[in-house]
Amino acid sequence: MFRNLFQVRRERPELTFSEWTKDLGPVFSVKLFHSQFVVLSSFEAIYEALVTKGNSFSGKPTKNAFRAEVMTDQFSNITRLQANQTWKKLRLICHKKIKMYDTGMKRIEAISMNMIQFLVEEFKGANQTSFNPKDVIYNTVMNTIMTLLLGKTFSKDEELFEKVMEFEQALIRASAPSGRGAELDVFPWLRFFGNKTYKTLNRLVELRNQIWEMMTEEASRGDLLLKEGEEDVRLMSALRDALSEEGSELTEKHLRSVITTDIVLAGTATTSNSLYLFLNIISRHRAVQMKLQEEVDRIIGSDRTVCLTDKGDMPYTQATQLELLRYSSVVPLALPHTSLEDTIIQGKTVPAGSTVLLNLYHMHHDEDFWENPFEFQPERFLGDDGGLVSASHPNRRHLMPFGAGPRVCLGEALAKSRLFLVIASVMQKFDILSGEVLAPCDPRLLEHGVVLSSAPFQIIAKERVSQ
Ligand code: HEM
(Lines give C-alpha, C1' and ligand atoms only; values in the text may rest on other atoms or scores of the structure.)
Protein backbone atom coordinates (compact mmCIF):
# COMPACT_ATOMS: atom_id res chain seq x y z
CA MET A 1 0.00 0.00 0.00
CA PHE A 2 1.26 3.50 -0.82
CA ARG A 3 2.09 5.57 2.24
CA ASN A 4 2.98 9.21 2.34
CA LEU A 5 3.87 11.67 5.04
CA PHE A 6 0.50 13.42 4.89
CA GLN A 7 -1.06 10.28 6.42
CA VAL A 8 1.08 10.63 9.53
CA ARG A 9 -0.41 11.67 12.87
CA ARG A 10 1.00 15.16 13.06
CA GLU A 11 1.85 15.55 16.74
CA ARG A 12 3.17 12.03 17.33
CA PRO A 13 4.49 10.67 14.00
CA GLU A 14 6.34 7.83 15.78
CA LEU A 15 2.98 6.33 16.83
CA THR A 16 1.78 6.19 13.22
CA PHE A 17 5.12 4.72 12.11
CA SER A 18 4.83 2.16 14.89
CA GLU A 19 1.41 1.10 13.57
CA TRP A 20 2.74 0.85 10.01
CA THR A 21 5.62 -1.35 11.19
CA LYS A 22 3.04 -4.10 11.84
CA ASP A 23 2.19 -4.30 8.08
CA LEU A 24 5.34 -2.99 6.48
CA GLY A 25 8.08 -4.46 8.68
CA PRO A 26 11.01 -2.76 10.39
CA VAL A 27 12.36 -1.03 7.27
CA PHE A 28 9.91 0.91 5.11
CA SER A 29 9.84 4.05 3.06
CA VAL A 30 7.44 6.95 2.96
CA LYS A 31 7.19 9.52 0.21
CA LEU A 32 6.72 13.24 0.42
CA PHE A 33 6.61 14.64 -3.13
CA HIS A 34 9.99 13.74 -4.60
CA SER A 35 11.67 12.99 -1.30
CA GLN A 36 12.12 9.54 0.10
CA PHE A 37 11.99 9.02 3.87
CA VAL A 38 13.09 5.66 5.23
CA VAL A 39 11.86 4.64 8.67
CA LEU A 40 13.78 2.05 10.69
CA SER A 41 12.03 0.53 13.72
CA SER A 42 13.66 -2.65 15.01
CA PHE A 43 16.80 -2.89 17.13
CA GLU A 44 18.53 -4.89 14.35
CA ALA A 45 17.76 -2.28 11.67
CA ILE A 46 18.65 0.71 13.87
CA TYR A 47 21.86 -0.88 15.14
CA GLU A 48 22.91 -1.82 11.61
CA ALA A 49 22.36 1.75 10.38
CA LEU A 50 23.84 3.63 13.34
CA VAL A 51 26.71 1.36 14.33
CA THR A 52 27.62 -1.33 11.77
CA LYS A 53 27.13 1.06 8.84
CA GLY A 54 27.36 4.26 10.88
CA ASN A 55 29.56 6.15 8.43
CA SER A 56 27.16 5.54 5.52
CA PHE A 57 24.33 7.03 7.60
CA SER A 58 26.17 9.93 9.22
CA GLY A 59 24.90 12.57 6.77
CA LYS A 60 22.28 15.21 7.56
CA PRO A 61 19.35 16.20 5.35
CA THR A 62 19.42 19.56 3.63
CA LYS A 63 16.40 19.05 1.35
CA ASN A 64 12.93 19.88 2.67
CA ALA A 65 14.46 21.37 5.80
CA PHE A 66 13.84 25.08 5.45
CA ARG A 67 12.95 25.63 9.14
CA ALA A 68 16.07 23.83 10.39
CA GLU A 69 18.17 25.77 7.90
CA VAL A 70 16.94 29.12 9.21
CA MET A 71 17.17 28.15 12.87
CA THR A 72 20.66 26.70 12.67
CA ASP A 73 22.28 29.56 10.76
CA GLN A 74 22.32 27.59 7.50
CA PHE A 75 23.18 24.26 9.11
CA SER A 76 26.11 25.58 11.16
CA ASN A 77 25.57 23.60 14.38
CA ILE A 78 26.76 20.13 15.40
CA THR A 79 23.31 18.63 14.98
CA ARG A 80 23.02 19.78 11.37
CA LEU A 81 26.57 19.95 10.02
CA GLN A 82 27.59 17.15 7.68
CA ALA A 83 30.07 14.75 9.32
CA ASN A 84 33.08 16.81 8.21
CA GLN A 85 36.20 18.23 9.91
CA THR A 86 34.35 21.25 11.32
CA TRP A 87 31.71 18.97 12.90
CA LYS A 88 34.46 16.76 14.36
CA LYS A 89 36.32 19.74 15.78
CA LEU A 90 33.21 21.27 17.38
CA ARG A 91 32.18 17.91 18.89
CA LEU A 92 35.66 17.42 20.30
CA ILE A 93 35.81 20.84 21.97
CA CYS A 94 32.36 20.40 23.54
CA HIS A 95 33.08 16.83 24.59
CA LYS A 96 36.28 17.78 26.40
CA LYS A 97 34.56 20.50 28.43
CA ILE A 98 31.53 18.35 29.23
CA LYS A 99 33.88 15.63 30.52
CA MET A 100 35.72 18.13 32.66
CA TYR A 101 32.40 19.29 34.05
CA ASP A 102 31.62 15.87 35.41
CA THR A 103 35.00 14.72 36.57
CA GLY A 104 36.76 16.19 39.47
CA MET A 105 36.55 19.98 39.00
CA LYS A 106 35.86 20.83 42.60
CA ARG A 107 34.44 24.27 41.98
CA ILE A 108 32.06 23.00 39.34
CA GLU A 109 30.97 20.12 41.54
CA ALA A 110 30.23 22.68 44.25
CA ILE A 111 28.06 24.69 41.84
CA SER A 112 26.28 21.51 40.76
CA MET A 113 25.48 20.67 44.34
CA ASN A 114 24.27 24.21 44.97
CA MET A 115 21.80 23.75 42.16
CA ILE A 116 20.50 20.50 43.63
CA GLN A 117 20.30 22.31 46.97
CA PHE A 118 18.25 25.01 45.22
CA LEU A 119 15.83 22.36 43.95
CA VAL A 120 15.52 20.82 47.41
CA GLU A 121 14.86 24.24 48.99
CA GLU A 122 12.21 25.08 46.38
CA PHE A 123 10.47 21.76 46.99
CA LYS A 124 10.58 22.44 50.73
CA GLY A 125 9.32 25.97 50.09
CA ALA A 126 6.11 24.55 48.59
CA ASN A 127 5.32 23.63 52.19
CA GLN A 128 3.78 20.28 51.40
CA THR A 129 1.11 21.90 49.27
CA SER A 130 0.28 20.83 45.74
CA PHE A 131 2.52 22.54 43.13
CA ASN A 132 3.73 22.14 39.56
CA PRO A 133 7.49 21.34 39.68
CA LYS A 134 8.15 22.23 36.03
CA ASP A 135 9.85 25.62 36.58
CA VAL A 136 12.08 24.36 39.39
CA ILE A 137 13.26 21.41 37.30
CA TYR A 138 13.78 23.63 34.26
CA ASN A 139 15.70 26.15 36.32
CA THR A 140 17.99 23.49 37.81
CA VAL A 141 18.80 21.88 34.45
CA MET A 142 19.23 25.19 32.66
CA ASN A 143 21.69 26.37 35.29
CA THR A 144 23.73 23.21 34.76
CA ILE A 145 24.05 24.26 31.14
CA MET A 146 24.80 27.89 32.05
CA THR A 147 27.57 26.75 34.40
CA LEU A 148 29.05 24.64 31.63
CA LEU A 149 28.95 27.56 29.22
CA LEU A 150 29.61 30.61 31.37
CA GLY A 151 30.67 29.34 34.79
CA LYS A 152 27.73 30.97 36.53
CA THR A 153 24.09 30.47 37.33
CA PHE A 154 21.07 32.73 36.79
CA SER A 155 17.87 33.30 38.68
CA LYS A 156 14.64 32.75 36.83
CA ASP A 157 13.77 36.47 36.81
CA GLU A 158 16.90 37.38 34.84
CA GLU A 159 16.37 38.40 31.26
CA LEU A 160 18.63 35.73 29.74
CA PHE A 161 16.65 33.05 31.49
CA GLU A 162 13.33 34.45 30.31
CA LYS A 163 14.58 34.69 26.74
CA VAL A 164 15.71 31.07 26.71
CA MET A 165 12.31 29.92 27.95
CA GLU A 166 10.60 32.04 25.31
CA PHE A 167 12.98 30.59 22.69
CA GLU A 168 11.89 27.07 23.56
CA GLN A 169 8.21 28.02 23.44
CA ALA A 170 8.62 29.68 20.04
CA LEU A 171 10.43 26.62 18.78
CA ILE A 172 7.52 24.41 19.82
CA ARG A 173 5.19 26.63 17.83
CA ALA A 174 7.44 26.80 14.78
CA SER A 175 8.66 23.27 14.43
CA ALA A 176 6.62 20.48 15.91
CA PRO A 177 8.03 17.31 14.27
CA SER A 178 6.00 16.66 11.13
CA GLY A 179 3.27 18.90 12.40
CA ARG A 180 2.48 22.58 12.43
CA GLY A 181 4.66 24.47 10.03
CA ALA A 182 6.01 21.43 8.18
CA GLU A 183 4.54 22.86 4.96
CA LEU A 184 7.23 25.54 5.05
CA ASP A 185 9.95 22.87 4.75
CA VAL A 186 8.48 21.69 1.47
CA PHE A 187 7.20 25.01 0.15
CA PRO A 188 9.63 27.69 1.42
CA TRP A 189 8.03 30.22 -0.93
CA LEU A 190 5.01 30.30 1.41
CA ARG A 191 7.04 32.77 3.45
CA PHE A 192 6.21 35.43 0.88
CA PHE A 193 2.49 34.97 1.55
CA GLY A 194 2.19 35.81 5.24
CA ASN A 195 2.82 32.25 6.46
CA LYS A 196 2.25 32.10 10.24
CA THR A 197 5.08 29.68 10.94
CA TYR A 198 7.48 31.91 9.07
CA LYS A 199 6.56 34.79 11.37
CA THR A 200 7.29 32.61 14.41
CA LEU A 201 10.52 31.50 12.78
CA ASN A 202 11.59 35.13 12.47
CA ARG A 203 10.83 35.68 16.15
CA LEU A 204 12.89 32.58 16.90
CA VAL A 205 15.88 33.92 14.99
CA GLU A 206 15.53 37.28 16.76
CA LEU A 207 15.46 35.52 20.15
CA ARG A 208 18.42 33.32 19.25
CA ASN A 209 20.44 36.40 18.31
CA GLN A 210 19.46 38.21 21.51
CA ILE A 211 20.43 35.17 23.64
CA TRP A 212 23.75 35.00 21.83
CA GLU A 213 24.47 38.70 22.43
CA MET A 214 23.62 38.39 26.12
CA MET A 215 25.81 35.36 26.52
CA THR A 216 28.71 37.00 24.72
CA GLU A 217 28.41 39.96 27.05
CA GLU A 218 28.26 37.70 30.14
CA ALA A 219 31.33 35.80 28.97
CA SER A 220 33.35 38.99 28.58
CA ARG A 221 32.26 40.33 31.99
CA GLY A 222 35.01 38.95 34.24
CA ASP A 223 35.05 35.43 35.50
CA LEU A 224 33.24 34.18 38.53
CA LEU A 225 34.78 30.75 38.49
CA LEU A 226 38.45 31.37 38.03
CA LYS A 227 41.17 32.07 40.49
CA GLU A 228 44.57 33.31 39.40
CA GLY A 229 46.34 30.61 37.36
CA GLU A 230 43.37 28.22 37.28
CA GLU A 231 42.29 26.65 34.01
CA ASP A 232 39.30 28.30 32.31
CA VAL A 233 36.68 25.56 32.28
CA ARG A 234 33.96 27.44 30.40
CA LEU A 235 32.80 25.98 27.10
CA MET A 236 32.21 29.47 25.76
CA SER A 237 35.90 30.36 26.26
CA ALA A 238 37.04 27.09 24.65
CA LEU A 239 34.95 27.78 21.55
CA ARG A 240 36.15 31.39 21.37
CA ASP A 241 39.78 30.22 21.62
CA ALA A 242 39.23 27.75 18.79
CA LEU A 243 37.66 30.51 16.68
CA SER A 244 40.64 32.81 17.09
CA GLU A 245 43.26 30.14 16.30
CA GLU A 246 45.20 30.99 13.18
CA GLY A 247 43.68 29.41 10.08
CA SER A 248 40.60 28.26 11.96
CA GLU A 249 37.63 27.44 9.74
CA LEU A 250 35.20 28.25 12.56
CA THR A 251 33.06 31.37 12.28
CA GLU A 252 30.92 33.39 14.67
CA LYS A 253 27.92 31.67 13.05
CA HIS A 254 29.17 28.24 14.16
CA LEU A 255 29.60 29.43 17.73
CA ARG A 256 26.21 31.11 17.88
CA SER A 257 24.45 28.11 16.47
CA VAL A 258 26.28 25.50 18.58
CA ILE A 259 25.73 27.37 21.82
CA THR A 260 22.12 28.42 21.36
CA THR A 261 20.78 25.23 19.77
CA ASP A 262 23.15 22.27 20.45
CA ILE A 263 23.90 23.19 24.04
CA VAL A 264 21.24 25.51 25.49
CA LEU A 265 18.23 24.10 23.70
CA ALA A 266 19.17 20.42 23.24
CA GLY A 267 20.70 20.31 26.71
CA THR A 268 17.78 21.86 28.57
CA ALA A 269 14.64 20.55 26.87
CA THR A 270 15.68 16.86 26.89
CA THR A 271 16.94 16.55 30.45
CA SER A 272 14.32 18.77 32.09
CA ASN A 273 11.41 16.97 30.39
CA SER A 274 12.84 13.59 31.40
CA LEU A 275 13.06 14.71 35.03
CA TYR A 276 9.62 16.30 34.93
CA LEU A 277 8.18 13.04 33.69
CA PHE A 278 10.11 11.17 36.38
CA LEU A 279 8.24 13.12 39.06
CA ASN A 280 4.92 12.33 37.41
CA ILE A 281 5.76 8.61 37.19
CA ILE A 282 7.18 8.34 40.67
CA SER A 283 4.17 10.03 42.26
CA ARG A 284 2.11 7.06 40.98
CA HIS A 285 4.59 4.28 41.71
CA ARG A 286 4.89 4.06 45.45
CA ALA A 287 6.68 0.67 45.38
CA VAL A 288 9.45 2.00 43.09
CA GLN A 289 9.82 5.03 45.30
CA MET A 290 10.23 2.91 48.42
CA LYS A 291 12.94 0.82 46.79
CA LEU A 292 14.78 3.95 45.67
CA GLN A 293 14.57 5.39 49.16
CA GLU A 294 15.78 2.17 50.76
CA GLU A 295 18.86 2.25 48.51
CA VAL A 296 19.59 5.94 49.10
CA ASP A 297 19.22 5.49 52.88
CA ARG A 298 21.53 2.47 52.89
CA ILE A 299 24.27 3.90 50.67
CA ILE A 300 24.15 7.65 51.40
CA GLY A 301 22.10 8.10 54.53
CA SER A 302 20.60 11.46 55.40
CA ASP A 303 23.65 13.43 56.60
CA ARG A 304 25.58 13.97 53.42
CA THR A 305 24.73 15.00 49.88
CA VAL A 306 24.67 12.60 46.93
CA CYS A 307 27.88 12.38 44.81
CA LEU A 308 28.43 10.99 41.37
CA THR A 309 30.79 8.39 42.85
CA ASP A 310 27.80 6.83 44.68
CA LYS A 311 26.33 5.72 41.39
CA GLY A 312 28.27 2.43 41.16
CA ASP A 313 26.85 1.31 44.52
CA MET A 314 23.23 2.08 43.60
CA PRO A 315 21.95 -0.44 41.01
CA TYR A 316 18.26 0.21 41.70
CA THR A 317 18.67 3.94 41.10
CA GLN A 318 20.62 3.24 37.91
CA ALA A 319 17.96 0.76 36.74
CA THR A 320 15.26 3.38 37.41
CA GLN A 321 17.19 5.88 35.33
CA LEU A 322 17.48 3.40 32.44
CA GLU A 323 13.78 2.57 32.70
CA LEU A 324 12.95 6.29 32.66
CA LEU A 325 14.96 6.72 29.46
CA ARG A 326 13.25 3.71 27.84
CA TYR A 327 9.74 4.51 29.00
CA SER A 328 9.81 8.22 28.15
CA SER A 329 11.93 8.08 24.94
CA VAL A 330 11.84 11.87 24.92
CA VAL A 331 13.55 12.08 21.51
CA PRO A 332 11.31 9.46 19.87
CA LEU A 333 12.60 9.62 16.29
CA ALA A 334 16.21 10.56 17.18
CA LEU A 335 17.40 13.25 14.76
CA PRO A 336 17.10 12.74 11.01
CA HIS A 337 20.09 11.19 9.22
CA THR A 338 20.89 10.94 5.50
CA SER A 339 22.33 7.92 3.72
CA LEU A 340 25.50 8.95 1.90
CA GLU A 341 25.46 5.95 -0.49
CA ASP A 342 23.12 3.12 -1.47
CA THR A 343 23.21 0.82 1.55
CA ILE A 344 21.50 -2.44 2.44
CA ILE A 345 19.68 -2.54 5.80
CA GLN A 346 18.12 -5.85 6.86
CA GLY A 347 18.16 -6.95 3.23
CA LYS A 348 16.48 -3.80 1.86
CA THR A 349 18.25 -1.12 -0.16
CA VAL A 350 18.20 2.38 1.27
CA PRO A 351 19.02 4.64 -1.68
CA ALA A 352 21.70 7.32 -1.32
CA GLY A 353 20.23 10.67 -0.27
CA SER A 354 17.25 9.23 1.63
CA THR A 355 16.26 10.94 4.87
CA VAL A 356 16.42 8.23 7.52
CA LEU A 357 14.22 8.34 10.64
CA LEU A 358 15.01 6.03 13.56
CA ASN A 359 11.94 5.04 15.53
CA LEU A 360 13.58 4.75 18.97
CA TYR A 361 10.13 5.00 20.55
CA HIS A 362 9.03 1.82 18.74
CA MET A 363 12.23 -0.02 19.62
CA HIS A 364 11.74 0.90 23.29
CA HIS A 365 8.08 -0.19 23.39
CA ASP A 366 8.08 -3.10 20.96
CA GLU A 367 5.68 -5.70 22.39
CA ASP A 368 7.55 -8.47 20.56
CA PHE A 369 10.60 -7.73 22.66
CA TRP A 370 9.60 -6.05 25.94
CA GLU A 371 7.26 -7.63 28.45
CA ASN A 372 4.51 -5.11 29.34
CA PRO A 373 6.34 -2.22 27.66
CA PHE A 374 3.86 0.37 28.93
CA GLU A 375 4.51 -0.50 32.56
CA PHE A 376 7.27 1.27 34.47
CA GLN A 377 9.47 -1.55 35.79
CA PRO A 378 13.10 -0.76 36.72
CA GLU A 379 13.53 -4.49 37.53
CA ARG A 380 13.88 -5.26 33.82
CA PHE A 381 17.42 -3.89 34.11
CA LEU A 382 18.32 -5.89 37.24
CA GLY A 383 19.67 -9.44 37.45
CA ASP A 384 18.57 -12.13 39.92
CA ASP A 385 21.26 -10.96 42.37
CA GLY A 386 19.79 -7.42 42.40
CA GLY A 387 22.77 -6.01 40.46
CA LEU A 388 22.48 -4.01 37.26
CA VAL A 389 22.53 -6.30 34.21
CA SER A 390 25.68 -5.94 32.10
CA ALA A 391 25.88 -3.64 29.08
CA SER A 392 25.74 -6.69 26.77
CA HIS A 393 22.39 -7.91 28.22
CA PRO A 394 19.66 -7.82 25.50
CA ASN A 395 17.58 -5.27 27.49
CA ARG A 396 20.52 -2.89 27.72
CA ARG A 397 21.37 -3.40 24.04
CA HIS A 398 17.76 -2.62 23.06
CA LEU A 399 17.99 0.70 24.88
CA MET A 400 19.36 3.56 22.77
CA PRO A 401 17.79 6.78 24.07
CA PHE A 402 20.84 8.76 22.97
CA GLY A 403 21.22 7.08 19.58
CA ALA A 404 24.54 5.35 18.84
CA GLY A 405 27.50 5.44 16.46
CA PRO A 406 29.25 8.52 15.06
CA ARG A 407 26.32 10.87 15.73
CA VAL A 408 25.49 9.65 19.23
CA CYS A 409 24.18 12.38 21.54
CA LEU A 410 26.91 14.82 22.54
CA GLY A 411 25.43 15.34 26.01
CA GLU A 412 24.85 11.69 27.00
CA ALA A 413 27.26 11.68 29.95
CA LEU A 414 26.09 15.06 31.23
CA ALA A 415 22.42 14.08 30.98
CA LYS A 416 22.98 10.77 32.77
CA SER A 417 24.89 12.36 35.61
CA ARG A 418 22.21 15.06 36.09
CA LEU A 419 19.43 12.46 36.08
CA PHE A 420 21.26 10.43 38.70
CA LEU A 421 21.98 13.40 40.99
CA VAL A 422 18.43 14.72 40.87
CA ILE A 423 16.69 11.34 41.24
CA ALA A 424 18.85 10.31 44.20
CA SER A 425 18.67 13.74 45.91
CA VAL A 426 14.88 14.00 45.59
CA MET A 427 14.41 10.48 46.93
CA GLN A 428 16.78 11.20 49.81
CA LYS A 429 14.74 14.18 50.98
CA PHE A 430 11.11 13.66 49.91
CA ASP A 431 8.14 11.38 49.48
CA ILE A 432 6.59 12.45 46.18
CA LEU A 433 2.80 12.21 46.17
CA SER A 434 0.27 13.05 43.47
CA GLY A 435 -1.03 16.61 43.76
CA GLU A 436 -4.33 18.23 42.83
CA VAL A 437 -3.69 18.27 39.06
CA LEU A 438 -3.03 14.94 37.36
CA ALA A 439 -1.72 14.24 33.87
CA PRO A 440 -1.14 10.89 32.18
CA CYS A 441 2.38 9.52 32.28
CA ASP A 442 1.70 6.67 29.84
CA PRO A 443 4.19 7.11 26.97
CA ARG A 444 1.36 6.79 24.41
CA LEU A 445 -0.32 9.86 25.87
CA LEU A 446 2.64 12.23 26.18
CA GLU A 447 2.65 15.56 24.36
CA HIS A 448 5.12 16.58 21.72
CA GLY A 449 6.82 19.92 22.30
CA VAL A 450 10.48 20.28 21.35
CA VAL A 451 10.70 16.74 22.75
CA LEU A 452 8.09 14.43 24.34
CA SER A 453 6.81 15.79 27.61
CA SER A 454 4.14 15.34 30.23
CA ALA A 455 1.11 17.64 30.26
CA PRO A 456 1.15 19.93 33.36
CA PHE A 457 0.58 18.18 36.67
CA GLN A 458 1.14 18.86 40.37
CA ILE A 459 2.88 16.96 43.13
CA ILE A 460 3.15 17.20 46.88
CA ALA A 461 6.75 16.94 48.12
CA LYS A 462 6.52 15.63 51.66
CA GLU A 463 9.76 16.06 53.57
CA ARG A 464 11.07 12.75 54.89
CA VAL A 465 11.85 12.41 58.54
CA SER A 466 15.63 11.83 58.98
CA GLN A 467 16.48 8.13 58.94
C1 HEM B 1 21.79 14.16 19.58
C2 HEM B 1 18.88 12.25 23.00
C3 HEM B 1 20.68 15.39 26.29
C4 HEM B 1 23.19 17.60 22.74
C5 HEM B 1 20.86 13.38 20.25
C6 HEM B 1 20.14 12.27 19.65
C7 HEM B 1 19.34 11.75 20.60
C8 HEM B 1 19.54 12.50 21.82
C9 HEM B 1 18.37 10.57 20.43
C10 HEM B 1 20.22 11.85 18.18
C11 HEM B 1 21.24 10.77 17.94
C12 HEM B 1 21.17 10.29 16.51
O13 HEM B 1 20.45 10.87 15.70
O14 HEM B 1 21.84 9.32 16.16
C15 HEM B 1 19.10 12.96 24.19
C16 HEM B 1 18.45 12.66 25.45
C17 HEM B 1 18.95 13.54 26.37
C18 HEM B 1 19.92 14.39 25.69
C19 HEM B 1 17.41 11.55 25.65
C20 HEM B 1 18.63 13.70 27.85
C21 HEM B 1 17.83 12.93 28.55
C22 HEM B 1 21.55 16.23 25.63
C23 HEM B 1 22.35 17.25 26.26
C24 HEM B 1 23.05 17.89 25.25
C25 HEM B 1 22.70 17.24 23.99
C26 HEM B 1 22.41 17.52 27.78
C27 HEM B 1 24.03 19.03 25.32
C28 HEM B 1 24.64 19.49 26.38
C29 HEM B 1 23.02 16.85 21.59
C30 HEM B 1 23.66 17.17 20.31
C31 HEM B 1 23.28 16.16 19.40
C32 HEM B 1 22.40 15.26 20.14
C33 HEM B 1 24.54 18.36 20.01
C34 HEM B 1 23.69 16.04 17.93
C35 HEM B 1 24.95 15.15 17.80
C36 HEM B 1 25.47 15.06 16.38
O37 HEM B 1 24.70 15.10 15.42
O38 HEM B 1 26.70 14.90 16.20
N39 HEM B 1 20.48 13.48 21.57
N40 HEM B 1 19.95 14.01 24.37
N41 HEM B 1 21.79 16.25 24.26
N42 HEM B 1 22.29 15.69 21.45
FE43 HEM B 1 21.20 14.81 22.93
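Residues numbered from 1 in each chain as written. Predicted model: local features only at pLDDT ≥ 70, side-chain atom pairs only at ≥ 80, totals over all residues. Heavy atoms only, no water.

A.B. asks: Whenever I open this one, the pattern of salt bridges confuses me. Can you help?
C.D. replies: For side chains of opposite charge, pairing can occur when their charged atoms come near one another. In total, this model carries 23 salt bridges according to the counting rule given. For the salt bridge of lysine 22 with glutamate 19, the shortest nitrogen-to-oxygen distance reads 3.0 Å. Residue lysine 22 and its partner glutamate 19 are located together in helix H1 (residues 13-24), separated by three residues, close to a single helical turn. Since its relative accessible area comes to 46%, glutamate 19 is described here as partly exposed. Here glutamate 245 ties to lysine 89 by a salt bridge, and the two come within 3.8 Å at their closest N and O atoms. Note that glutamate 245 is positioned in the loop between helix H10 (235-244) and helix H11 (252-284) and lysine 89 in helix H4 (residues 85-102), a separation of 156 residues in sequence. Via salt bridges that share partners, Asp73, Arg208 and Arg256 belong to a single interconnected network. (Salt bridge = Lys/Arg side-chain N within 4 Å of Asp/Glu carboxyl O. Helix = DSSP H or I, 4+ residues; strand = E, 2+ residues; numbered from the N terminus. Buried < 20%, exposed > 50% of the residue type's maximum accessible area, 1.4 Å probe, protein only.)

A.B. asks: Quick question: what am I supposed to make of unusual backbone geometry here?
C.D. replies: Outside of glycine, negative phi angles account for most residues, and trans bonds account for most peptide bonds. For glutamine 128, which is not a glycine, the phi torsion comes out positive at approximately 60°. Of note, glutamine 128 is situated in the loop between helix H5 (106-125) and helix H6 (134-150). A relative accessible area of 39% means that glutamine 128 is categorised as partly exposed.

A.B. asks: Is there a simple way to think about the coordination of the iron atom of the ligand in this case?
C.D. replies: By definition of the ideal shapes, a tetrahedral metal site with four donors has angles of 109.5 degrees and an octahedral site with six donors has angles of 90 or 180 degrees. From the protein, the iron atom of the ligand takes a single donor atom, Cys409 (SG), 2.3 Å away. For cysteine 409, the location among the structural elements is in the loop between helix H15 (394-397) and helix H16 (412-429). (Donors = N, O, S within 2.8 Å, 3.2 Å for Na, K, Ca; no water.)

A.B. asks: Which parts of the structure should I look at to understand the packing of H11 against H16?
C.D. replies: Axis angle and axis distance: for two packed helices, these are the angle between their axes and the distance between the axes, and together they describe the pair. The interhelical angle for the contact between H11 and H16, taken along N-to-C directions, is 30°, at an axis separation of 10 Å. Between H11 and H16, the crossing angle belongs to the class labelled roughly parallel. Read as a crossing pair, H11 and H16 show a hand that is right-handed. When H11 is examined against H16, the residues Thr271, Ser274, Leu275, Phe278, Leu279 and Ile282 are found in contact with a partner set consisting of Ala415, Arg418, Leu419, Val422, Ile423, Val426 and Met427. Along the lines of polarity and charge, the residues of the contact of H11 with H16 split into 10 nonpolar, two polar and one charged. (Axes fitted to C-alpha atoms, helices over the stretch in contact; angles between N-to-C directions. Parallel < 35°, antiparallel > 145°, perpendicular 65-115°, else oblique. Left-handed = near helix turned anticlockwise from the far one by under 90°. Contact = heavy atoms within 4.5 Å. Nonpolar A, V, L, I, M, F, W, Y, C, P; charged D, E, K, R; others polar.)

A.B. asks: Teacher, can you tell me more about the UniProt feature "binding site: heme" (unreviewed entry) in the protein chain here?
C.D. replies: This chain's UniProt record puts "binding site: heme" (unreviewed entry) on Cys409. With relative accessibility at 32%, the residue cysteine 409 sits in the partly exposed group. (UniProt positions renumbered as here; feature names shortened; annotations may be inferred.)

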